[in-house]
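# Architecture and fold: a report
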Amino acid sequence: MMHRREWIYGWLFLSPALLFLFTFTHYPAVKTIVSSFFSTPRGKRPAKFIGIENYQALIQDEVFWKVLTNNFWFAVGTIPISVGLALLMALWVNSKLKGTTLSRIAFFAPTVLPLIAVANIWLFFYTPGFGLIDQFRSGLFGLPAINLLGNPDTVLAAMIVVAIWKEAGFFMIFYLAALQSIPPVLKEAADVEGASNFYYLRKILFPLLMPTTLFVSINAVINSFRLVDHIFVMTEGGPDNASSLLLYYIYETAFKYWQTGYAATLTVVMLILLSVLAIGQFFLFDRKVHYQ
Amino acid sequence: MQEDQIRGQAIALNDVTKSWDGTLAVDRMNLNVEPGTFTVLLGPSGCGKSTSLRIIAGLEHADSGEIAIGGKSVGHLPPAKRDIAMVFQSYALFPHLSVAENILFGLKVRRASKADQRTRLNKTADLLGLSELLARKPSQLSGGQQQRVALGRAIIAEKPICLMDEPLSNLDAKLRNTMRTEIRDLQQALGFSMVYVTHDQAEAITMADQVVLMKEGRVEQSGTPREIYEQPATTFVAGFIGTPPMNVLPGSALAAATGQANANLDSITLGVRPEHVSVSEHSGVPAIVEHVEYLGADILADCRVGNEKFIARIEGHASLSPRAEVKLHWPAEQMHCFDRSTGERTPSDKDLFNHLLSA
Ligand SMILES: Nc1ncnc2c1ncn2[C@@H]1O[C@H](COP(=O)(O)OP(=O)(O)OP(=O)(O)O)[C@@H](O)[C@H]1O
Ligand SMILES: [Mg+2]
């Protein structure tokens, strides 16, 4: 009898959270998958089932392949560098060097700023002629102005730099927390045995930070698909879609061109991609991760 | 077994001082450890034991003074160059490495040959009874087993000096007793010099060749356990050593209790160990029994002499009841005498004591 009562209480307590989860996550997800097999409703024409037509269109869509490639390079450019940088900064901040409070704030600042604000700051850096970068170039070396955001060859790299700047500080917090939880006596034990700093880093610190690295890199992968705010402010995907990413393309398709059926198809692709990547990472890392 | 002997090294601290933001942790400390002996740094919490040990290890730098190992000054050397091994209170095992890898850590750092690693690992694991556990992670071990792994990591390289900071404080009482003997046997068998930190006086007395009792960063007394026990240099030492420790009370209190006023008694403090006290019918110091604790082999009687607390440890078959009025007696040669103002030991006045006790 008791069991049954507890069971009912359990569900009662869960129900508010479940309600929100279903309305705002599960239902839309299922709806998206369903929509991806329907045409876009227009005026009096309701959406009708068209099977995999949307998916066939997707394969033919050059812009889709372009933004997917962009996203690939964007991920490859941001993830390793922002994670690596985060680790370096955390090691630096965690060490007993002077001025750590100041550097903690400095490294953390990009994290508290909204990405839109970050984008605005970088817009100022990148502005041809007047921006900080060009000021340096002409002031120090007498070089001509360059338009990093206007050139298809450089715009993606410029976006990658912004994302790294924004992300590294955030990931640093996780590394910092992990480093603080490693007892300093381990370093002393290694010192007594004559281990160099590098040996300690390689054999003790890195393995102990593995759970954090897994967590941070899954977040980094998701963020590389999720973070597109700066594209709105800085380039709107241009020039010639050179800086457009998958999510931004989905936004454009759905809310600029109102092709909701096709947008749903693109979203499904993104969902599958993210799930595969996250699960893959778990399996890849799992054997190497030591959980305390 | 002669080739198993490591040659221990001497350790000498000369006027070593260390302070943290103005508070003295170690104050002009002098210490001599003979090669191959077991020295215990003993003292209450915060007296600077760990700091001294860490200065010897090179994990902390002294503000002034000299540190020598094997006759060579090592004050400027990092821990790795001092040829020492260390066991930490928290064991400091690497949680992601197996027992074998933990024990071999130092050898791997120094790139010892695989064959050398294997023979030494086998020998160490045999010695410490860890052979079955080599593949486990530290989290899969009991406290005592973790302790042994930490010991293994310290002894595998057969360093001439081993430093330990309260290595047994995380273990339960029974295991602590076993490990005490094990550590002592290990040190004797291998022959290294040991500096061992504890705040447990029983541990110090049972293990040490030399006890160094510290108080507020200074060495209060150093000597063999017997010297420390039989001839405490100060009232602090007298009150720190022994279970229960020595009764220490002003001479004037004893004078008042026995009604034997004597000017000499006013300037001294007297000490008597509880185990030397007996209950006498005829003569002795009058006292009131307040509380009786039966320990089996003997009885601990909390008494009051005048206004001073006084503990007697007497044979178990004696019968005492609370609120009884008794006379306490002890041999005059078992009395200790200290200067009342400095607390330092002064020669005893036998006649005076005999006079006191004959009351
Ligand atoms: N890193 C530190 N920073 C500031 N003060 C310290 C530091 N380490 C120790 N102290 C101070 O130095 C004094 C001696 O400390 P130490 O750790 O040597 O004591 P201890 O004898 O080992 O005590 P315990 O038995 O509690 O371990 C204490 O007053 C302590 O507060
Ligand atoms: Mg200590």
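On a predicted model such as this, the values are computed, not experimentally measured, just so you know.

Of the regular secondary structure elements, chain B holds 11 helices and 18 strands. Taken along the three principal axes of its C-alpha coordinates, chain B extends 75 × 45 × 40 Å. Counting all 359 residues of chain B, 51% fall into the buried class. Once local pairs closer than 6 in sequence are excluded, the contacts in chain B between residues at least 24 apart make up 66%. Across chain B, the 36 positively charged side chains and the 42 negatively charged ones have centroids separated by 9 Å.

A few words on the pattern of salt bridges. All names here are of chain B. On inspection of all chains with the given rule, the structure shows 16 salt bridges over all chains. For the salt bridge of Asp27 with Arg218, the shortest nitrogen-to-oxygen distance reads 3.9 Å. A residue pair is termed long-range when its members are at least 10 positions apart, and Asp27 in strand E2 (residues 23–33) and Arg218 in strand E10 (residues 218–223) qualify at 191 residues. Classification of Asp27 by relative accessible area gives buried; the value is 10%. Arg226 is the partner of Glu230 in a salt bridge, and the nearest nitrogen-oxygen pair spans 3.1 Å. A residue pair is termed a helical-turn pair when its members lie 3 or 4 positions apart in one helix, as Glu230 and Arg226 do in helix H7 (residues 225–230) at four residues. On the accessibility criterion, Arg226 (59% relative accessible area) is exposed.

The subject of this paragraph is empty space enclosed by the protein. All names here are of chain B. This model, assessed by the stated rule, comprises two cavities of 30 Å³ or more. Each pocket or cavity is described by its volume, and for the largest cavity that value is around 60 Å³. As for the largest cavity, its lining consists of Arg120, Lys123, Thr124, Leu127, Ile155, Ile156, Glu158 and Leu190. Tallying contributions element by element places helix H3 (residues 114–128) first for the lining of the largest cavity, with four residues.

Turning our attention to the pairing of strand E17 (residues 325–329) of chain B. Residue and element names in this part refer to chain B. Residue alternation in E17 divides its side chains into a buried set, Val326 and Leu328, and an unburied set, Glu325, Lys327 and His329. With three bridges joining them, strand E13 (residues 278–280) and E17 adopt antiparallel strand pairing. Considered in E17, the bridge of Ser278 is made with His329. In terms of strand pairing, strand E14 (residues 285–294) meets E17 through four bridges, oriented antiparallel. For Ala287, the partnering residue across the bridge sits in E17 and is Val326.

As a further point, take the packing of aromatic side chains. Residues and elements named next belong to chain A. This model, assessed by the stated rule, comprises 23 aromatic pairs over all chains. When the centroid spacing of 5.0 Å and the interplanar angle of 65° are considered together, the rings of Phe64 and Trp65 count as edge-to-face. For Trp65, a relative accessible area of 41% puts it in the partly exposed group. Ring plane angle 40° and centroid distance 5.8 Å describe the contact between Tyr248 and Tyr251, whose orientation is recorded as tilted. Of this pair, Tyr248 and Tyr251 both sit in helix H11 (residues 246–256), separated by three residues, roughly a single helical turn. Judged by its relative accessible area of 1%, Tyr248 is buried. With relative accessibility at 30%, the residue Tyr251 sits in the partly exposed group.

Moving on to the sheet that holds strand E18 (residues 335–339) of chain B. Residue and element names in this part refer to chain B. In space, the three strands of this open sheet follow the order E11-E12-E18, with antiparallel pairing throughout. Strands with a single pairing partner mark the edges of an open sheet, and in this sheet they are strand E11 (247–250) and E18. When the angles between neighbouring strand axes are averaged without regard to direction, this sheet yields 25°. Two elements, strand E12 (residues 268–272) and E18, share five bridges in a ladder whose sense is antiparallel. Counterpart to Thr269 in the pairing with E18 is Phe338. The strands touched by helix H9 (residues 251–258) within the sheet are E11, E12 and E18, with E11 carrying the most contacts at an inclination of about 80°.

Often, the extent of an interface is quoted as the loss of accessible area on bringing the components together. Contacts between the two partners involve 17 residues from chain A and, on the opposite side, 22 residues from chain B. When the two sides are added together, the surface that chain A and chain B hide from each other amounts to roughly 1,700 Å², 70% of it contributed by carbon and sulfur. On inspection of chain A and its partner chain B, the count reaches two salt bridges. In this structure, Arg110 of chain B engages Glu193 of chain A in a salt bridge whose closest nitrogen and oxygen atoms are separated by 3.7 Å. On inspection of chain A and its partner chain B, the count reaches three residue pairs in polar contact (both at pLDDT 80 or more).

With that settled, the discussion passes to the domain arrangement of chain B. All names here are of chain B. Per the domain assignment, the segments of chain B are domain 1 (11–240) and domain 2 (247–357). On a C-alpha basis, the centroid separation for the pair domain 1 and domain 2 is 38 Å. Domain 1 puts nine residues into the contact, and the matching count from domain 2 is nine residues. Carbon and sulfur atoms supply 55% of the area that domain 1 and domain 2 bury against each other, a total of about 770 Å² over both sides. It is Tyr229, Pro232 and Thr235 that lose the most area in domain 1 upon contact with domain 2, and together they represent 58% of the buried surface on that side. If you look at where domain 1 meets domain 2, you find zero salt bridges. Here domain 1 is connected to domain 2 by five residue pairs in polar contact (both at pLDDT 80 or more).

Calculation rules
Residues numbered from 1 in each chain as written. Chains lettered and ligands numbered in written order. Predicted model: local features only at pLDDT ≥ 70, side-chain atom pairs only at ≥ 80, totals over all residues. Heavy atoms only, no water. Helix = DSSP H or I, 4+ residues; strand = E, 2+ residues; numbered from the N terminus. Buried < 20%, exposed > 50% of the residue type's maximum accessible area, 1.4 Å probe, protein only. Contact = heavy atoms within 4.5 Å. Lys, Arg positive; Asp, Glu negative; His and termini not counted. Charge placed at Lys NZ, Arg CZ, Asp CG, Glu CD. Salt bridge = Lys/Arg side-chain N within 4 Å of Asp/Glu carboxyl O. 1 Å grid on protein atoms, 1.4 Å probe; cavity = no way out; pocket = protein on both sides within 12 Å on 5 of 7 lines; lining within 4 Å. Points joined across faces, edges and corners; volume = space filled by probe spheres on them. Pairing = 2+ DSSP bridges. Phe/Tyr/Trp six-rings, centres within 6.5 Å; stacked < 30°, edge-to-face > 60°. Axes fitted to C-alpha atoms, helices over the stretch in contact; angles between N-to-C directions. Buried area = accessible area lost by both parts, 1.4 Å probe. Polar contact = N/O pair within 3.5 Å; in protein donor to acceptor, adjacent residues only side chain to side chain. Domains from an automatic or database assignment.

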